Amino acid sequence: MSIAFFDSGIGGLTVLREAARRLPDEDFLFFADTLHVPYGPKTKEQVTEYVCEAAERIFGENVKALVIACNTATSVAVSDLRHAYRVPVIGMEPAVKPAVEMNGASGRRVLVLATQLTLSQTKYMQLVSRVDDHGIVDSLPMPELVDYCEGLNFDPEEVGGYFRRKFEPFDLNEYGTIVLGCTHYPYYTRMLEDILPPHIRVIDGSAGTVRRVSAILGERGIEGGGSGRVRFMNSADDPAYNRKLERAWAILNDEKRPNGAR
Ligand code: DGL
């Protein structure tokens with residue numbers, strides 16, 4: 001049986017990469033909601049409906065756990081899915097807590113990049129108010145970044161210029177950590193590290209999510225039994241999109257990646 005990973009598009013592959021490295025004895029199914037990507041600019045109701053439809057299809061496959069490798073989908077639909085299915089459902093949230101912990105002593109601020117929908121949800125606001133005792137967390141939506149990513153656009157001029165414009169209103173010397181709160185964004189970690197002042201750390205939630213997956217499989221005694229196989233599916237059953245997933249997967253796993261892609 002496989003562990004299913006789900007995202008609106010290619011973003012969730014950044015989490016799958018971490019899982020494939022940490023859990024070599026598992027098989028994986030990756031499902032992209034090609035029909036509805038991007039989720040960020042849509043309403044909570046729309047995205048909840050898309051995620052529930054996708055889950056129906058995914059649970060029709062032979063899967064033992066579902067990882068919602070998408071911060072936006074998690075923030076609107078994780079509790080609905082947990083109520084509807086007995087199979088463990090693991091969600092993601094922006095890594096605000098580790099970022100706040102890292103910056104406590106330095107007095108530097110934290111900037112969370114995520115989709116508009118994630119940042120506008122009560123779940124995100126509650127997370128921030130739970131961990132941000134000293135008011136050091138700021139948030140910045142990056143609406144165009146998912147489109148660049150889905151277009152496999154890693155052009156340092158074009159996307160780098162976009163980042164520079166977005167960061168213009170901020171005094172980056174005040175910031176110690178940037179949190180990538182959308183699973184599409186880690187494709188640009190290396191580009192961001194080149195653009196940002198060297199003292200800023202760029203972190204994402206993949207490692208924490210995979211640790212949680214591993215713990216849950218262990219608790220349920222359902223770990224292992226696979227050999228690292230990865231199978232791609234998409235909601236449009238579009239072979240061309242599956243080929244794009246394969247390309248994106250190869251880019252992510254190529255240590256000598258060109259174009260600043262990570
Ligand atoms: N990759 C997703 C996330 O983590 C969603 C991006 C989108 O579809 O807008 O938030």
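Labelled according to an unreviewed UniProt entry, the chain appears under the name Glutamate racemase, originating from Saccharibacillus alkalitolerans. One UniProt comment on the chain, placed under Catalytic activity (unreviewed entry), says "L-glutamate = D-glutamate". Of the chain, the UniProt comment under Pathway (unreviewed entry) reads exactly: "Cell wall biogenesis; peptidoglycan biosynthesis."

### Quick notes on empty space enclosed by the protein
Per the counting criterion, the structure on display carries two cavities of 30 Å³ or more. Forming the boundary of the largest cavity are 17 residues, of which Pro38, Tyr39, Gly40, Thr115 and Val146 lie nearest the centre. Residues that form the lining of the largest cavity fall into these classes: nine nonpolar, seven polar and one charged. For the second largest cavity, the calculated volume is near 60 Å³. What lines the second largest cavity is Asn71, Thr74, Ser75, Met92, Glu93, Pro94, Thr118, Lys123, Tyr124 and Leu127. Of all the secondary structure elements, the ones that give two or more residues to the lining of the second largest cavity are helix 3 (71-84) and helix 6 (122-131). Grouping the amino acids of the lining of the second largest cavity by side-chain chemistry returns four nonpolar, four polar and two charged.

### Quick word on the sheet that holds strand 1 (residues 2-7)
Reading across from one edge, 4-3-1-2-9 is the order of the five strands in this open sheet, with parallel pairing throughout. Looking at which strands have only one partner, the edges of the open sheet turn out to be strand 4 (89-90) and strand 9 (230-234). In the sheet, strand 1 pairs with strand 2 (residues 27-32) via six bridges, with the strands oriented parallel. Residue serine 2 lies in a different strand from strand 2, and its bridge partner there is aspartate 27.

### Let's talk about the UniProt feature "active site" (unreviewed entry) in the chain
Mapped onto this numbering, the UniProt entry gives "active site" (unreviewed entry) at Cys70 and Cys182. In sequence the annotated residues extend across 113 residues, while in space they remain close, none of their C-alpha pairs exceeding 6.6 Å. Lining the largest cavity, from this annotated set, are Cys70 and Cys182. Looking at where cysteine 70 falls in the secondary structure, it is placed in the loop between strand 3 (63-68) and helix 3.

### Observations regarding the packing of helix 2 (residues 44-59) against helix 3
At a closest axis distance of 9 Å, the pairing of helix 2 and helix 3 adopts a crossing angle of 55 degrees. Judged on the interaxial angle alone, helix 3 and helix 2 are oblique. In this structure, the crossing between helix 2 and helix 3 has a hand that is right-handed. Touching Lys44, Val47, Thr48, Val51, Cys52 and Ala55 of helix 2 are Ala73, Val76, Ala77, Asp80 and Leu81, all from helix 3. A per-class count over the contact of helix 2 with helix 3 returns eight nonpolar, one polar and two charged.

### Focus: the UniProt feature "binding site: substrate" (unreviewed entry) in the chain
As annotated by UniProt and renumbered to match this structure, "binding site: substrate" (unreviewed entry) occupies Asp7, Ser8, Tyr39, Gly40, Asn71, Thr72, Thr183 and His184. A stretch of 178 residues holds the annotated residues, and the largest C-alpha distance among them is 12.0 Å, short enough that they meet in one place. Those annotated residues from the list above that line the largest cavity are Asp7, Ser8, Tyr39, Gly40, Thr72, Thr183 and His184. When you line up the elements, aspartate 7 lands in strand 1. For aspartate 7, the residues in contact, after removing those within four places along its chain, are Gly12, Phe30, Phe31, Ala32, Asp33, Ala69, Cys70, Thr183 and His184. Overall, tyrosine 39 belongs to the buried group, its relative accessible area being 2%. Apart from residues no more than four positions distant in its own chain, tyrosine 39 is found in contact with Phe6, Ser8, Asp33, Val47, Tyr50, Val51, Cys70, Thr72, Ala73 and Leu117. One polar contact links tyrosine 39 to aspartate 33, side chain to side chain, over a distance of 2.6 Å.

### Points about the sheet that holds strand 5 (residues 109-114)
The pairing of strands in a sheet happens through backbone hydrogen bonds and is either parallel or antiparallel. With respect to topology, four strands assemble into an open sheet ordered 6-5-7-8, the strand pairing being parallel. Looking along the sheet, the strands with just one partner apiece sit at the ends: strand 6 (137-141) and strand 8 (201-204). If you compare each strand with its neighbour and ignore which way they point, the axes differ by 25 degrees on average. The strands that helix 8 (residues 158-167) touches are strand 5, strand 6 and strand 7 (175-180); relative to strand 6, the one it contacts most, it runs at about 135 degrees.

### Regarding the packing of helix 1 (residues 13-22) against helix 11 (residues 239-253)
In helix packing, the relevant descriptors are the interaxial angle and the interaxial distance, both defined with respect to the helix axes. It is the contact of helix 1 with helix 11, at a shortest axis distance of 10 Å, that shows an interaxial angle of 55 degrees. Our classification of the angle between helix 1 and helix 11 gives oblique. Pair helix 1 / helix 11 crosses with right-handed handedness. Facing Leu13, Thr14, Leu16, Arg17 and Ala20 of helix 1, the residues of helix 11 in contact are Leu245, Ala248, Trp249, Leu252 and Asn253. Class assignment of the residues belonging to the contact of helix 1 with helix 11 gives a composition of seven nonpolar, two polar and one charged.

The rules we used
Just so you know, the residues in each chain are numbered from 1, in the order the chain's sequence is written. For a predicted model such as this one, the threshold for reporting local features is a pLDDT of at least 70, and the threshold for listing and counting side-chain atom pairs is 80 or more; totals across whole chains, interfaces and linings nevertheless cover every residue. Side-chain numbers here rest on the full set of heavy atoms in the structure, without hydrogens or water. UniProt positions are given in the numbering used here, feature names are shortened, and annotations may be inferred rather than shown by experiment. Cavity means a closed set of points on a 1 Å grid over the protein atoms alone, one where a 1.4 Å probe fits but cannot get out, pocket means an open set with protein on both sides within 12 Å along at least 5 of 7 lines, and lining means a residue has an atom within 4 Å of a point. Grid points are joined across faces, edges and corners, and a volume is the space filled by probe spheres set on the points. As a working rule, the residues Ala, Val, Leu, Ile, Met, Phe, Trp, Tyr, Cys and Pro are called nonpolar, Asp, Glu, Lys and Arg charged, and the rest polar, with Gly in that last group. The way it works is that DSSP assigns letters per residue, a run of H or I at least four long becomes a helix, a run of E at least two long becomes a strand, and they are numbered from the N terminus. Think of it this way: DSSP has to see at least two bridges between two strands before they count as a pair. Each axis is a line fitted through C-alpha atoms, and for a helix only the stretch in contact is used; angles between axes span 0 to 180 degrees, taken between their N-to-C directions. Any angle from 65 to 115 degrees is called roughly perpendicular, while one under 35 is roughly parallel, one over 145 is roughly antiparallel, and all others are oblique. The sense of a crossing depends on the near helix, which, turned anticlockwise from the far helix by less than a right angle, makes the crossing left-handed and, turned clockwise, makes it right-handed. The criterion used for residue contact is that any of the two residues' heavy atoms lie within 4.5 Å. Working definition: with a 1.4 Å probe on protein chains only, accessible area under 20% of the residue-type maximum means buried, over 50% means exposed, and in between means partly exposed. Think of a polar contact as two N or O atoms within 3.5 Å of one another; within protein, one of them needs to be a possible hydrogen donor and the other a possible acceptor, and neighboring residues in sequence only count if both atoms come from side chains.

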